[in-house]
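Listed below are the residues making up each chain.
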Amino acid sequence: MKNTQRTAAIALAAGYMLSSYSGFDIRTEAAGETPAASGTNRPNIIYILADDLGFAEVGINGQEKIKTPNIDRLTQEGMQFTQHYSGCALCAPARCTLMTGLHTGHGRVTKNDDTPLRPEDTTVAELLQAGGYKTGIVGKWGLGNDGSTGFPTKKGFDYFYGYDDQTLAHSYYPTYIYRNNERVSLDGKTYIHDEFTREGLEFIKNNKDEPFFLYMAYTLPHIELTIPDLGEYAKESWPAKEKIFAAMVTRLDTDVGRINDLLKELGLEQNTIVMFASDNGAHDKGGHNPSFFKSSGPLRGIKRDLYEGGIRVPFVVKWPGVVAAGSKTDHISTFWDFMPTLCDIAGVQSPTAIDGLSYLPTLLGKGEQKQHEYLYWEIHEQGGKRAVRMGDWKAVRNNVDKNPNGPLELYNLKTDLGEKTNVASANPEIVAKMEELLKDAKRPIPKEGKPFTTVTVTSAPTATAAPNPTTTAAPSPADNSGAIKVEIDGTAHTFDPAPILVNDRTMVPMRYIFEIMGATVSWEEATETVTAVKGDTTIILQIGSTEATVNGATKVLYAPAMLYQDRTMVPLRFISESLGADVQWVEASNKVVITTKKDAPTPTPTPTPTPTPTPTPTPTPTTTPDSSSGSIITDFVAMDGFGSMWSVASNIQEGDVFYGDRDFVLTTVPDTVKGADWIKTANDSKNSGGTVATFKITADADVYIAHTDMDPSKPEWMSGYTDTGEDILATLNKEVTFSLYKKSFTAGSTIELGENSNNNQMYLVIVKKK
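Residues numbered from 1 in each chain as written. Predicted model: local features only at pLDDT ≥ 70, side-chain atom pairs only at ≥ 80, totals over all residues. Heavy atoms only, no water.

This part is about the confidence of the model for the protein chain. Keep in mind that low pLDDT regions are not for reading the predicted coordinates in detail. This prediction gives the protein chain a mean pLDDT of 74; 62% of its residues lie at or above 70. The low-confidence segment residues 598–629, where pLDDT is below 50, has 40 contacts with residues more than four positions distant or belonging to other chains. (pLDDT = per-residue confidence, 0-100. Contact = heavy atoms within 4.5 Å.)

Below you can see the structure in the form of structure tokens.
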């Protein structure tokens, strides 16, 4: 199924997911009665990030001297988070946590240096881009310079205008700037902040007819104190540097207003989420004294401190008609929650092996909000610092470089927000727990994700919205995480993607469930129609439709057939019952139990002469060497817990194209591997090498391995391969050099795929011989 077909279908998936959270009726909008301004039900997303703006340097947090009316108005029209944290007290590491969903104990970038993101470091922009969003960044990047693997256009952004380098962003009058991959010369007299705003407004205008994600990474009011004019602060009797600083903050605020004004002008306001935050606490450079404006308010510390003043930042979310206007929440959230939240909003799957938790239930004012067991920070400046927050408890360790096991400071933020009284000696059991959490924060994340606690959110209700009608009562599982279990005739089944909930109806990959239950499936490209046949029963579904036919009779679906991660999804109950099965929902175990009927009734008067065979949980291995259909891979065994990356392996058809988690996306297939199967292998996080998987092939085949940056003379990951000298760089949308290795195998051969010590990405290519 083509990617072009996926865009519209994902929009439906996103809409129906949001409807189950918020209660508004996406189908009404889709029918044109109250159409979304952008022409899609998926909201546009604008994230505005200030640079070194202190917690209390905006009016919403008590600032009295600096005027920020537009940021304050965002709060009046949206939700203010009172306990929102940056990912670090330093620019680049904080931005890394925002983009990758990983805290500084797991993230790639931990210093303000030139360390780039790697190809395997997935960003939220890559996920949204693959989900059909136009993506743009304007301003300061800092996660990979030109020519590196971390440059913005290699990390999911369709458009980039700004600084690639952290240090170059210190100047407001640069001599050049980047537009996408090209340097644009400037005269050194242009105040770059104004150009950032102009570029951001143009991006919105150019993409108003499709869903977009715009990351406005402003540099105001960072370090260099300079401004074209002082505006209303010229008359103040303050120190000269403080007048400049105030004018910089207000100029930033003015442009926040310009962005909102343009959204209203274009009719996009109602379908656009606007978020505003700062990357860390207030700075004390360039002549600015944060005490003059009481920049940290009641909090202790500033930038580079892991006390609250260095990491707690202003955060506001405006989403008209969805997020309750004028609401506040004390939900404890952080930068690494940004990725899963946006994925939930956009209807794309978030990686599981991240530290973030979606705060969408808090935004919507309903549902069950997952809570962090703890938050963790580290900074590699000023002697090294570590901090952890667990509930109201906060622990800080300074001078880690000299004394990594030095004493912890302990504070109770509920009674001591200013972190003035160290209560470590009076709470040895809490200190011991914090020590364990500091160790836990550095351990690798399990592939199935980190554990979390679940509590009921009691924040303000959402804006009134149209009810979402249903036709019958439905199960209400504990959460919408996708962890729905499916059991068929006593056998548990695993699906890729995992079952999800849409309108409180369990959804599963359609082809898998049909085939498990003994039906054959065909796809009609021109009409986007799926046909499943089992015995005398024929089921026809069209992508995006809320109706289906069973032997010509129209049936209403509780949610539409849709595409989800290149797998067609339909309501599980509908499939099962249409194929003559009983369905039960087991609330306590979050499980759907399906029991097939041996003599399922059919609409024809003549009963089926033979009983329906009991389905098997996995496809039966094929041994016929010259099989022209069905799976080309059998007997698949994944090693070392990497099975989730290979969940498609048991149903690979000749001619299918597979790729991994969007680190690389194939745009074309080279002639040498036309009709091949592509599968991304796992990395070896410990650089130890070893076997990833073994499997057999059902026919004579040429096997190719494509590997990044591998030395052609040392194919250590598998013996017997020779470099063909072919370069498949042109097949990728990223500038990664590949070597391609080739070997021929006969039908029934066992192939062992291994990892190399370079910890790079590999692709497996199997080409069936004609």
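From this point, things continue past the structure.
Next up on the list: the sheet that holds strand β8 (residues 212–217). Spatially, β7-β6-β5-β4-β8-β1-β9-β10-β2-β11 is the arrangement adopted by the 10 strands of the open sheet, whose pairing is mixed. Across the chains shown, the open sheet's two edge strands, defined by having one partner strand only, are β7 (182–185) and β11 (327–329). Going from strand to strand, the sheet's axes swing by 15 degrees on average, the running direction of each strand aside. Direction of pairing for strand β1 (residues 44–50) relative to β8: parallel, over a ladder of five bridges. Bridge pairing links I48 to M216 in β8. (Pairing = 2+ DSSP bridges. Helix = DSSP H or I, 4+ residues; strand = E, 2+ residues; numbered from the N terminus. Axes fitted to C-alpha atoms, helices over the stretch in contact; angles between N-to-C directions.)

Time to look at the nonpolar core. Counting residues in each nonpolar core, the largest one holds 67 residues, and the members touching the most others are Y47, F213, Y215 and F338. Among the elements that make up this core, the one with the highest residue count is helix α9 (residues 338–346) (six residues). For F338, the contacting residues outside a window of four places in its chain are Y47, L98, M99, V124, F213, M275 and Y359. Counting 47 residues, the second-largest nonpolar core is a separate cluster that includes V138, A169, A246 and I259. (Core = buried A, V, L, I, M, F, W, Y, C linked by side-chain atoms within 4.5 Å. Buried < 20%, exposed > 50% of the residue type's maximum accessible area, 1.4 Å probe, protein only.)

The next subject is the pattern of salt bridges. Per the counting criterion, the structure on display carries 29 salt bridges. Linking R95 and D51 is a salt bridge whose minimum nitrogen-to-oxygen distance equals 3.5 Å. Pair noted here: R95 is in helix α4 (residues 91–100) and D51 is in the loop between β1 and α3 (69–77), with a separation of 44 residues, a long-range link. With respect to class, R95 is no different from D51; both count as buried. Between R198 and E195 there is a salt bridge, with the nearest N and O atoms lying 2.8 Å from each other. On the criterion of helical spacing, the pair formed by R198 and E195 is a turn pair, its members being three residues apart in helix α6 (residues 192–206). (Salt bridge = Lys/Arg side-chain N within 4 Å of Asp/Glu carboxyl O.)

What follows is about the sheet that holds strand β17 (residues 409–412). The antiparallel open sheet is built from four strands, whose spatial order is β14-β15-β16-β17. With partners counted over all chains shown, the strands left at the sheet margins are β14 (375–379) and β17, one partner each. Across the sheet, the mean angle separating the axes of adjacent strands is 15 degrees when strand polarity is ignored. In this sheet, β17 lies alongside strand β16 (residues 393–397) in antiparallel orientation, the contact comprising four bridges. The residue bridging K394 from the neighbouring strand is Y411, located in β17. Contacts from helix α11 (residues 428–440) reach β14, β15 (385–390), β16 and β17 within the one sheet, and its direction differs from that of β15 by about 115 degrees.

A few words on helix α7 (residues 240–265). With 26 residues, α7 ought to run about 38 Å at 1.5 Å a step, and its terminal C-alpha atoms sit 37 Å apart, in line with that. Among the 26 residues of α7, 19 are classified as buried, and the element is accordingly described as predominantly covered. Note on α7: the residue one or two positions beyond its end, G267, has a positive phi of about 75 degrees. (Expected span 1.5 Å × (residues − 1).)

Tallied over the full model, the rule gives 26 aromatic pairs. Between the aromatic rings of W141 and F157, the centroid separation amounts to 5.7 Å while the plane-to-plane angle is 80 degrees, which identifies the pairing as edge-to-face. In this pair, W141 sits in the loop between β4 (134–140) and β5 (159–163) while F157 sits in the loop between β4 and β5, placing the two residues 16 residues apart along the sequence. Assessed through its relative accessible area of 2%, F157 is described here as buried. Seen from their ring centres, W238 and F292 are 5.9 Å apart, and the 70 degrees between their planes marks the pair as edge-to-face. Of this pair, W238 sits in the loop between β8 and α7 while F292 is found in the loop between β9 (272–278) and α8 (308–311), placing the two residues 54 residues apart along the sequence. Over the ring of Y307 we find R300, and its NZ or CZ is 3.8 Å from the ring centre. (Phe/Tyr/Trp six-rings, centres within 6.5 Å; stacked < 30°, edge-to-face > 60°. Lys NZ or Arg CZ within 6 Å of the ring centre and 35° of its normal.)

Once that is clear, we can look at the pairing of β9. For a regular strand, the rule is simple: side chains alternate between the two faces of the sheet. Summarising burial for β9: seven of the seven residues are buried, a large majority. Going residue by residue along β9, you find T272, V274, F276 and S278 tucked away on one face and I273, M275 and A277 tucked away on the opposite face as well. Note that β1 and β9 share seven bridges and pair parallel. Following the sheet pairing, N44 is matched in β9 by T272. Pairing of β9 with strand β10 (residues 315–318) involves four bridges; the strand directions are antiparallel. The residue of β10 that forms the bridge with F276 is V316.

Our focus in this paragraph is the side chain of H288. Residue placement: H288 occurs in the loop between β9 and α8. Here E57 takes part through its side chain, which lies 3.3 Å from a polar atom of the side chain of H288. Among the polar contacts made by the side chain of H288, one reaches the side chain of E242 at a distance of 2.7 Å. Here H288 is in contact with E57, L225, E242, F245, H283, F293 and S295, once residues within four sequence places are set aside. (Polar contact = N/O pair within 3.5 Å; in protein donor to acceptor, adjacent residues only side chain to side chain.)

What follows covers the state of the cysteines. Enumeration over the complete set of coordinates arrives at zero disulfides. This cysteine, C88, is not joined by any disulfide, and C91 carries the nearest cysteine sulfur, 9.2 Å off. We note that C96 lacks a disulfide partner, and the nearest cysteine sulfur, in C88, lies 9.9 Å from it. What makes C96 buried here is its relative accessible area of 1%. (Disulfide = S-S within 2.5 Å.)

Now for the environment of L220. Here L220 shows up in the loop between β8 and α7. Since its relative accessible area comes to 0%, L220 is described here as buried. Here the alpha-carbon distance between L220 and L252, two residues 32 residues apart in the chain, equals 6.5 Å. Among residues more than four places away in sequence, those in contact with L220 are A50, D51, Y172, Y191, H193, M248, R251 and L252.

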